[in-house]
Amino acid sequence: MFDKVKAEARRLEGRRIVDMFDDARASEFSVEALGMLFDYSKTQMDAGARDALLALLDARGVAARRDAMFAGEKINETEGRAVLHTALRNLDGTPVMVDGRDVMPEVLATLARMEALAEEIRASDVTDVVNIGIGGSDLGPVMAVLALAPYHDGPRTHFVSNVDGADITDTLQGLNPETTVFIVASKTFTTIETMTNAQTAKDWLAAQGTSAEGKFIALSSNKEKAAAFGIPEARVFGFEDWVGGRYSVWGPIGLSLMLAVGPEDFRAFLQGAQAMDRHFRTAPWAENLPAVLALVGIWHNQGQGHATRAVLPYDNRLMRLPAYLQQLEMESNGKGVSMDGTNLPYDSGPVVWGEPGTNGQHAFYQLIHQGTRVIPCEFMVAAQGHEPDLRHHHELLVANCLAQSEALMRGRSLEEARAKVAGTFEGAELERQALHRVFPGNRPSTTLIYDRLDPEALGKIVALYEHRVFVEGVILDINSYDQWGVELGKELATALGPLVKGEAAIEGKDGSTAQLLRFVRARA
Ligand code: F6P
């Protein structure tokens, strides 16, 4: 599948990116759409390589698969489900059919119910909202709530995800039980971390003599379990199995965001995503932001063999975006078999990691610049900040972002390094010192620039990455919408529970696990 792309990568091996620039390259290797500019000219891709990549879209039938997704076909074949997070932001309500039924009336009715509850809570004396959830029931809202801090005018919002009791203990510290509301966010309403934390929240209220009545809201596909937990139907917001956990921030799972920023800004967030959906469905591939982002990903991973990519937002409020994208990308495309169950004859999706700039510069960029492995970097930055009085901060931020991609591309030659140290050292020592100051350069990066991180822009960015994952998944012939790889650990954790407690014999466990259990049990 990737022979041609790999051949292109071999053809371009050693080619200096910096030398590939003529007057046209920057604009020819950029896509400008929806108020955003995606510049991938600082990669080693040339027109021939891009053609080979574009050909993959047709060869893999990406357009037909995309249309099938939007049409509600069951493209999540291992779970027999449609994939319709896009319906959650289909604000016009144009019909979307699943099994012959239009799902839109219910989607919009749920959105209206969420808005009514959000208005009610925002107008009440509730001071704090605690979202209890994990994975997709946590990362989306926590990422978005942090991203949209300038738009907060609702109650304080907190997030508890880890089963480590430290998480909920630290969160509840200082909260007033009378004015705190808990959201139990769990698609399945069975996730052990979430159910344990939800019960602890209930116990905390009881311990303070506060009734749990009216204090819990459930966001779940499992209405029965939510009812069994004692949450009345009016406070349960359901969604269908065609919303994957890591794609769920657009619906009920986004309630904490709606409470923080208000229904109007939440709608703007949905509108941004909807605009990206339209763009993805209609823009020609070469001008299609998600498709091009995906092709850059395929180029770096399957084409050039770079196993990881760094996502580096120069936007402090996107501090949790890398973690969000880790789940989105790695839970979606971290699969070892193709749709028909045979082993993938190529690498699956890459390792995704990152931190906001400029902090990362003072931590791990050393390796990105001078380490032996090439790490394609995906920078993102807003043209404007939200702090007009701190314009100089934003200018420095932008300058740093652009400087990094320039430095990665240009590097520093031995000659330049010698000139740097010429006044300080001489002879063999000069040479040795200079060698340490050489930057190989020719390290690829892309930059996404948007106007300002407002709710609409955030919606566009998140939907952009969702569709990128989709396109990469189709090209890789992977089912991006199941996550069987998380099951085994869950099963073993359940089985290990009694052993940790000392209620069952350790015998039969492998030597390492047995040793660790004995150590814990001796000190518990
Ligand atoms: O870790 C697996 C997973 O199923 C994720 O896909 C999901 O986002 C998370 O657990 C939480 O699941 P739930 O919303 O059902 O509690």
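Just so it is clear, the structure is predicted and the values come from calculations on it, not from any experiment.

## Section: the overall build of the protein
- Secondary structure summary: the protein contains 20 helices and 13 strands in total.
- For 524 residues, the compact-globule estimate of 2.2 N^0.38 gives 24 Å, and the C-alpha radius of gyration of the protein, at 25 Å, lies within 12% of that figure.
- Along the first, second and third principal axes, the C-alpha atoms of the protein reach 75 × 60 × 60 Å.
- Within the protein, buried positions represent 52% of all 524 residues.
- Excluding contacts between residues fewer than 6 apart, the proportion of contacts in the protein whose partners are at least 24 apart in sequence is 76%.
- When the accessible surface of the protein is summed, it comes to about 23000 Å², and 51% of that surface belongs to carbon and sulfur atoms.

## A look at the sheet that holds strand β1 (residues 30-33)
- Sheet architecture is open: six strands sit in the order β1-β2-β13-β12-β10-β11, paired in mixed fashion. The open sheet has two free edges, formed respectively by β1 and β11 (351-353), since each of these has just one partner strand. Taken pair by pair, the neighbouring strands of this sheet meet at an average axis angle of 15°, ignoring direction.
- Across six bridges, strand β12 (residues 377-382) lies against strand β13 (residues 445-450) in parallel orientation. Along β13, the bridge assignment pairs Ala382 with Tyr450.

## Observations regarding the sheet that holds strand β7 (residues 180-185)
- Taken in spatial order, the five strands of this open sheet run β6-β5-β7-β8-β9, and their pairing is parallel. Taken across any chain shown, the strands that pair with only one partner, and hence form the sheet edges, are β6 (156-160) and β9 (236-237).
- Where strand β8 (residues 216-219) meets β9, two bridges bridge the pair, whose relative direction is parallel. Bridge assignment links Leu219 to a residue of β9, and that residue is Phe237.
- Each of β5 (128-132), β6, β7 and β8 is contacted by helix α8 (residues 192-207), which is oriented at about 160° to β7, the strand it contacts most.

## Some details on the pairing of β12
- Of all six residues making up β12, six are buried, and the element is well covered by its neighbours.
- Examined bridge by bridge, strand β10 (residues 308-314) and β12 share five bridges and lie parallel to one another. Bridging from a neighbouring strand, Val311 pairs with Glu378 of β12.

## Remarks on the environment of Ala87
- Locating Ala87 in the fold gives a position in the loop between α4 (62-70) and β3 (97-98).
- Measuring from C-alpha to C-alpha, the distance between Ala87 and Val103 comes to 8.0 Å, with 16 residues separating the pair along the chain.
- Look past the residues within four positions of Ala87 in its chain and what remains in contact with it is Val103, Met104, Val107 and Trp242.

## A few points about the site of the ligand
- Ser137, Ser186, Thr188, Thr191 and Glu331 are the nearest of the 14 residues found near the ligand.
- Ser186 has a polar side-chain atom sitting 2.6 Å from an oxygen atom of the ligand.
- Contacts to the ligand include Glu331, whose side-chain N or O atom sits 2.6 Å from an oxygen atom.
- Residue classes in the shell around the ligand are distributed as two nonpolar, nine polar and three charged.

## With respect to the side chain of Asp39
- For Asp39, the location among the structural elements is in strand β2 (residues 36-39).
- For Asp39, the side chain forms a polar contact with the side chain of Ser41, separated by 2.6 Å.
- Among all residues touching Asp39, those that are not within four sequence positions of it are Phe29, Ser30, Ser445, Thr446 and Thr447.

## A word on the pattern of salt bridges
- Tallied over the entire structure, the rule returns 30 salt bridges.
- Note that Glu120 is salt-bridged to Arg235, the shortest N-O span being 3.7 Å. Residue Glu120 is located in helix α5 (residues 104-123), and its partner Arg235 is located in the loop between α9 (223-228) and β9; the two are separated by 115 residues in the primary sequence.
- For Glu120, a relative accessible area of 49% corresponds to the partly exposed category.
- For Arg235, a relative accessible area of 16% gives the class buried.
- Between Arg317 and Glu387 there is a salt bridge, with its nearest N and O atoms 2.7 Å apart.

## What to know about the pairing of β5
- The buried count for β5 comes to five of five residues, which makes it a mostly enclosed element.
- Side chains of β5 alternate between two faces, with Asp128, Val130 and Ile132 and Val129 and Asn131 buried alike.
- Bridge count between β5 and β6: five bridges; the pairing is parallel. The partner of Val130 across the bridge, within β6, is His158.
- Read from β5 through helix α6 (residues 139-147) to β6, the crossover connection turns out right-handed.
- Direction of pairing for β5 relative to β7: parallel, over a ladder of five bridges. Paired with Val130 across the bridge in β7 is Phe182.

## A short note on the packing of aromatic side chains
- The tally for this structure, following the rule as stated, stands at 16 aromatic pairs.
- A centroid spacing of 4.8 Å and a plane angle of 85° characterise the contact between Phe2 and Tyr346, whose relative ring orientation is edge-to-face. Residue Phe2 is located in the segment before α1 (3-11), and its partner Tyr346 is located in the loop between α13 (321-333) and β11; the two are separated by 344 residues in the primary sequence.
- For Phe2, a relative accessible area of 3% translates into the label buried.
- Relative accessible area serves as the criterion here: at 14%, Tyr346 is assigned to the buried category.

## Remarks on the nonpolar core
- Membership of the largest hydrophobic core comes to 113 residues, with the highest contact counts inside it found for Trp242 and Leu458.
- Here this core takes 12 residues from helix α18 (residues 455-476), the largest share from any one element.
- When near neighbours in sequence (up to four residues on either side) are disregarded, Leu458 contacts Met143, Ala144, Ala147, Leu148, Phe269, Leu318 and Leu453.
- The next biggest cluster of nonpolar side chains, apart from the first, holds 20 residues, and it includes Val130, Phe182, Phe189 and Ala218.

Conventions used here
- Sequence positions are assigned chain by chain, starting from 1 and proceeding in written order.
- Two thresholds apply to this predicted model, a pLDDT of at least 70 for residue-level local features and 80 or more for giving and counting side-chain atom pairs, whereas whole-chain, interface and lining totals are computed over all residues.
- To obtain the side-chain values, all non-hydrogen atoms of the structure were included, while hydrogens and water were left out.
- By the criteria applied, helices consist of DSSP H or I runs no shorter than four residues and strands consist of E runs no shorter than two, each listed in order from the N terminus.
- Radius of gyration: C-alpha atoms only; globule rule: 2.2 Å multiplied by the number of residues to the exponent 0.38.
- Summary of the burial criterion: residues with accessible area below 20% of their type's maximum are buried, those above 50% are exposed, and those between are partly exposed, where the area comes from a 1.4 Å probe applied to protein chains only.
- We call two residues contacting when some pair of their heavy atoms lies within 4.5 Å.
- Here, Shrake-Rupley sampling with a 1.4 Å probe gives the accessible areas, and only protein chains in the shown set may cover a residue.
- Any two strands are treated as partners once DSSP identifies two or more bridges connecting them.
- To define axes, lines are fitted to C-alpha atoms, for helices over the stretch in contact only, and angles between the resulting N-to-C directions are given on a 0 to 180 degree scale.
- By convention in these notes, a residue is near a molecule or strand provided one of its non-hydrogen atoms lies within 4 Å of it.
- Contacts described as polar in this section are N or O atom pairs within 3.5 Å, which, within protein, must combine one atom able to donate a hydrogen with one able to accept it, while residues neighboring in sequence count only if both atoms come from side chains.
- Residues are grouped as follows: Ala, Val, Leu, Ile, Met, Phe, Trp, Tyr, Cys and Pro are nonpolar; Asp, Glu, Lys and Arg are charged; all remaining types, including Gly, are polar.
- In what follows, salt bridge is the name for a side-chain nitrogen of Lys or Arg lying within 4 Å of a carboxyl oxygen of Asp or Glu.
- Whether a crossover is right-handed comes down to one check: with the strands pointing away from the viewer, does the path from the first strand over the helix to the second run clockwise; if it does, it is right-handed.
- For Phe, Tyr and Trp, where Trp contributes only its six-membered ring, two rings pair if their centres lie within 6.5 Å, and the inter-plane angle classes them as stacked under 30 degrees, edge-to-face over 60, or tilted in between.
- Take the buried residues of types Ala, Val, Leu, Ile, Met, Phe, Trp, Tyr and Cys, join any two whose side-chain atoms come within 4.5 Å, and each joined set is a nonpolar core.

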